[in-house]
Each structure stands twice: as structure tokens, then as C-alpha cells.
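# Structural features, examined
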Amino acid sequence: MIQQTIKQIADLLAGGKISSVELCQDYLVRIAAHNPGLNAFITVDAERTLAEARVADALRASGKAGPLAGVPIAHKDIFCAEGWLTTCGSKMLHNFVSPYDAHVIEQFKKTGMPCLGKTNMDEFAMGSSNETSYYGAVKNPWDTARVPGGSSGGSAACVAAGLAPAATGTDTGGSIRQPAALCGITGLKPTYGVVSRYGMIAFASSLDQGGPMARTAEDCALLLNVMAGFDTRDSTSLEREKEDYTRDLAKPLAGLRIGLPKEFFGEGLTGDTATAVQVAIEQFRKLGATTVEVSLPNSGLSVAAYYVIAPAEASSNLSRFDGVRYGYRTPDYGDLTDMYEKTRAEGFGAEVKRRIMIGAYVLSHGYYDAYYIQAQKLRRLIAQDFAEAYKACDVILGPTAPTTAFKLGEKADDPVQMYLSDIYTIAVNLAGLPGMSLPCGFDGQGLPIGLQLIGDYFSEARMLNVAHQYQLATDWHQRTPGGF
Ligand code: GLN
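Overview of the structure.

## Quick notes on the side chain of T425
Tracing the chain through its elements places T425 in the loop between α13 (415-419) and α14 (426-431). Its relative accessible area of 0% is what places T425 among the buried residues. In contact with T425, other than residues within four places in its own chain, are G173, G174, R177, T400 and Q452.

Structure follows, in C-alpha cells:
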């Protein structure tokens, strides 16, 4: 059972071989055994999970269930889920039990997919290693002395270790793709606006996007079918026809044009990651694809632009955490201003405070034009680079992250090094494009390497087809860490 795909689990459920309650019990046993070592979950609530599983079994018995009813899933603790503690990895929300469901959670509930628990994450999704969580770092199942990546590190680690068959994540600058790469799983960030942000605690609203994390591209397609859809409660949700993201999975790749951006294959790409990506390119050629060199001349400026725009939006979004409405309030204060100051000083961690200060600075009078407006102009140039590249290719390919999983603590005191973990992923968010990461090999130390695919707007089905065909021809996605 464990380490099966959701497709396989759904077939077992459909054949009456197992019930959702039994499945959830199995996973809860595994979580109890392995979570103390991995710290992948912030909240596990067996009663609640089993209650949701009973609803799913009843739905199946009624004959009205969709194919995924009964398949359990873990949710990143950034998604508000009614009755569940929803912390966003922060002391600021350590006591916040959500009174409502995010749109994404609602969709999974309607489908009858029980929640196995809320996964650990970097505080307010700010980080690339899961070390900024108030609940402590998550350990990478491939080597527990190493980070799982971030900010959706708990989601990536629990899927890699077989504590959940799938999980949700969010990606503002790489937080689905980079942890998927570092943990050897498959993760997809949809086109901006495809998945509603309603009830997904905001970090940088113009960049944030929820998406699936699972073992295979096929599973990601099935999950995206559940997550995607128009929602009037998110003003940036796109009103589009419902799509079936599995529709192109079986298509052969003959004739596919893969773009290789020369900026992704420069001196930053070295060692085993460079080799694994080259081997993957060869594999695609064998599958009938052709490759063409493309250029993203402004992509080198994406990290700089992101660290103006994302903190600017975060400083505004996080102003709501003031000790008045919900979450943490300092126990000891004088007047109202003192209460605000102490609450925010005590409730936020160092990285969140750094971002709020940068954000307030770049938005302030006199600096707004010099930083914020410039960064927005860069953002447009970055999007134009991609548009130009897609004239010559159908999908762009490159590495997901510059390195494999690094040691816990290795980059914790060097924010710039940490920020560079997302050098290949951030441009995608700035342009609003879909991107995904899939396993493509291992380094000399047995750590997984991720391959990134970047599609044009709304080309998720095509990108998933490309990834699925690769996974039919390779078995990297089937490897699992020892000890689980
Ligand atoms: N690592 C990036 C950051 O720290 C991206 C995080 C994310 O995608 N949520 O902001």
C-alpha cells in the first residue's frame, strides 16, 4: 500500500479492496512512527481524519463518488481548513483554528479526499529550507541531516517518506518545485490564477499559487483536476472552462520542441545536477523531441526583482497580524501601540521581520520609484523573454535547483545564499507561468536531482504529458528513501 500512487490507491478503492478508513489508519500509523524523526507535520488529528474518511466511504457506497473519493491527502499549513489548527508555520498563528475552508480545501472535501494532517512549512512560506518554521526544521527523508527544501518542505518530505500519497503546496518563488526536487517527488505550480487563493494565507499575492505535490505527473494531473477552477472569492481567479489535465498524458512526444535556455546551462550549473539534466535531455530526444537553444536574457535579474516585489507585498499582507483580530497577542502590554509592537516583535521570526522591513523600505516615499517600480519593469521584461522563447519551442527545460539537498544549518545564516536556491524557479512566478519539477537522477551522495519543465500560459496539460511520457521511460520517480 505504502508508496503507491494515488492512481493505484483509487483503483483499489474502486475495486472495494480497501476502505478509506483503513487507508487512513495505515497512513496514521506510519505518521506516528516516522513523523517524530522528520517533523513533516505540524498537526495530526486522527479523529478528524477518520471522520472525513467515513464520509468518503459513505460517498463511495452511495455510488455518487468521483474517482478520487477516499484517497487521503496532506495539506500545507498555509491552507485554512475548518476546525483545523492553521498556523502558517508561525507563532503568530499558533492558536488559530480556522473557522472556514480555503477554496482548495473545499474542493478536496467535495471530492471526498480526507485530510491526513497539516504539513510543516517555512514561516509564512518565506524560505527555501523549512528552517524558518516556528515548529522547527523538517528533515529530508533521503538524509535526515539535510533540509527538504522549502517552503513546502513538510509536504515534500511526507510524500517522499510515504506518510501521505500526495500533498498540497504553494509556490511564490519556487516553494513547490524546489522541495519536490530536493525530496525526489513531482510537483506542479499552475499558471497564476488557475487555482483560487481564497483561504490560502497570503505571502506575495501577485506571485502565490497553490499546486499538487505527488509521486508522479499523472497524480499531479488528477489532483490539479480537483484544485483548479474559477472562484468568485479570489479576484485574480481566472474564469475559464474546466479542463481535464489528464487528457494529453498518453500522447507521444514526437515533434515536441524543447527549449534550452542558455542562461540555465551556464557556469552555475555543475557536477551531478548538470550531468543528470543532460541525460534527461538525451532521453527526451529518444522519445522523439527536438531541442533548440533559447535565451532568457533578463532571467539573471529575477532574484533581485523578486526580493523587492515579494517583500513589498508581504509587508502589506502581514499588517493584518496585529494581535487584535486573531492569533498571538503579547500577554503583557501598556497602550495599544505597545500591544502592536510587542505582539509583532514576539510573534514573527527573524526572516519574516527581515522581509517586512525590506518591503516597507522599498515602498516608502522616495524609494518606491527607485526599487518597486524598477522591479515591476523588470518583471515585464522577464515575461517578454519567455514569450519570445515560446515562438521557438513548446516547453522549456532546465534544472529545478542549483544543488541537491544541503545540510541543515548550512545556509541558515546567509540569506543571499539561501535566496539563490530559487535562481531557476523565480522567473516563472514573476511571469505567472506554469512550471513543474520531476525526479531525473541522484548525485554521488544518493540525493535526488530535480528536472524543471516550464510551460507557456495554460499549457499544464501539455507539460504533464511531457513529464508523464518521461516517467513511463524512466524510473527515478519510483525510487524511495531507505528506512521508510
Ligand atoms: N524561497 C523563496 C522565498 O523565500 C520562495 C518561497 C515560496 O515560494 N513561498 O521567498
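Following the structure, the description resumes.
## Brief notes about the pairing of strand β9 (residues 395-399)
Within a regular beta strand, the side chains point alternately toward one face of the sheet and then the other, so they alternate between its two faces. In terms of burial, β9 is largely enclosed, as five of its five residues are buried. Examined bridge by bridge, strand β7 (residues 257-261) and β9 share two bridges and lie parallel to one another. For I258, the partnering residue across the bridge sits in β9 and is V395. Bridging between β9 and strand β11 (residues 448-455) involves five bridges; their strand directions are antiparallel.

## What to know about a nonpolar patch on the surface
Residues L238, Y457 and F458 make up a contiguous nonpolar surface patch of about 240 Å² in total accessible area. On the secondary structure map, L238 appears in the loop between α7 (217-227) and β7. Among the residues examined, L238 registers a relative accessible area of 32% and is labelled partly exposed.

## Concerning the packing of aromatic side chains
Tallying each qualifying case throughout the model produces 18 aromatic pairs. Between Y361 and Y367, the ring centres sit 4.5 Å apart and the planes meet at 25°, which makes this aromatic pair stacked. Overall, Y361 belongs to the partly exposed group, its relative accessible area being 39%. The partly exposed category is assigned to Y367, whose relative accessible area is 36%. Here a set of aromatic residues connected by ring pairs shows up, and it is made of F96, F124, F321, Y326 and F348.

## A word on the side chain of D77
Topologically, D77 is positioned in the loop between β2 (73-76) and α4 (103-111). A relative accessible area of 0% means that D77 is categorised as buried. Looking at D77, its side chain comes within polar contact range of the side chain of T87, at 2.6 Å. The contacts of D77, once residues within four sequence positions are left out, are I42, L85, T86, T87, C88, K118, T119 and M121.

## Here we look at the pattern of salt bridges
Summed over all chains, the structure comprises 21 salt bridges. Between R257 and D394 there is a salt bridge, with its nearest N and O atoms 3.0 Å apart. Of this pair, R257 sits in strand β7 while D394 sits in the loop between α12 (368-389) and β9, and the two are 137 residues apart along the sequence. Judged by its relative accessible area of 24%, D394 is partly exposed.

## Considering the packing of helix α2 (residues 20-38) against helix α3 (residues 46-61)
For the pair α2 and α3, the least separation of the axes is 8 Å and the interaxial angle reads 155°. Put simply, α2 runs roughly antiparallel to α3. Remark: the crossing between α2 and α3 carries right-handed chirality. For the pair α2 and α3, contact is made by S20, V21, C24, Q25 and L28 and by A46, T49, L50, A53, R54, A56 and D57, respectively. Split by residue class, the contact of α2 with α3 holds seven nonpolar, three polar and two charged.

Rules used throughout
Residues numbered from 1 in each chain as written. Predicted model: local features only at pLDDT ≥ 70, side-chain atom pairs only at ≥ 80, totals over all residues. Heavy atoms only, no water. Helix = DSSP H or I, 4+ residues; strand = E, 2+ residues; numbered from the N terminus. Buried < 20%, exposed > 50% of the residue type's maximum accessible area, 1.4 Å probe, protein only. Contact = heavy atoms within 4.5 Å. Pairing = 2+ DSSP bridges. Patch = residues over 30% accessible without salt bridge, like charges linked within 9 Å, V, L, I, M, F, W, Y side chains within 5 Å. Areas by Shrake-Rupley, 256 points an atom, 1.4 Å probe, with all protein chains shown as cover. Salt bridge = Lys/Arg side-chain N within 4 Å of Asp/Glu carboxyl O. Phe/Tyr/Trp six-rings, centres within 6.5 Å; stacked < 30°, edge-to-face > 60°. Polar contact = N/O pair within 3.5 Å; in protein donor to acceptor, adjacent residues only side chain to side chain. Axes fitted to C-alpha atoms, helices over the stretch in contact; angles between N-to-C directions. Parallel < 35°, antiparallel > 145°, perpendicular 65-115°, else oblique. Left-handed = near helix turned anticlockwise from the far one by under 90°. Nonpolar A, V, L, I, M, F, W, Y, C, P; charged D, E, K, R; others polar.

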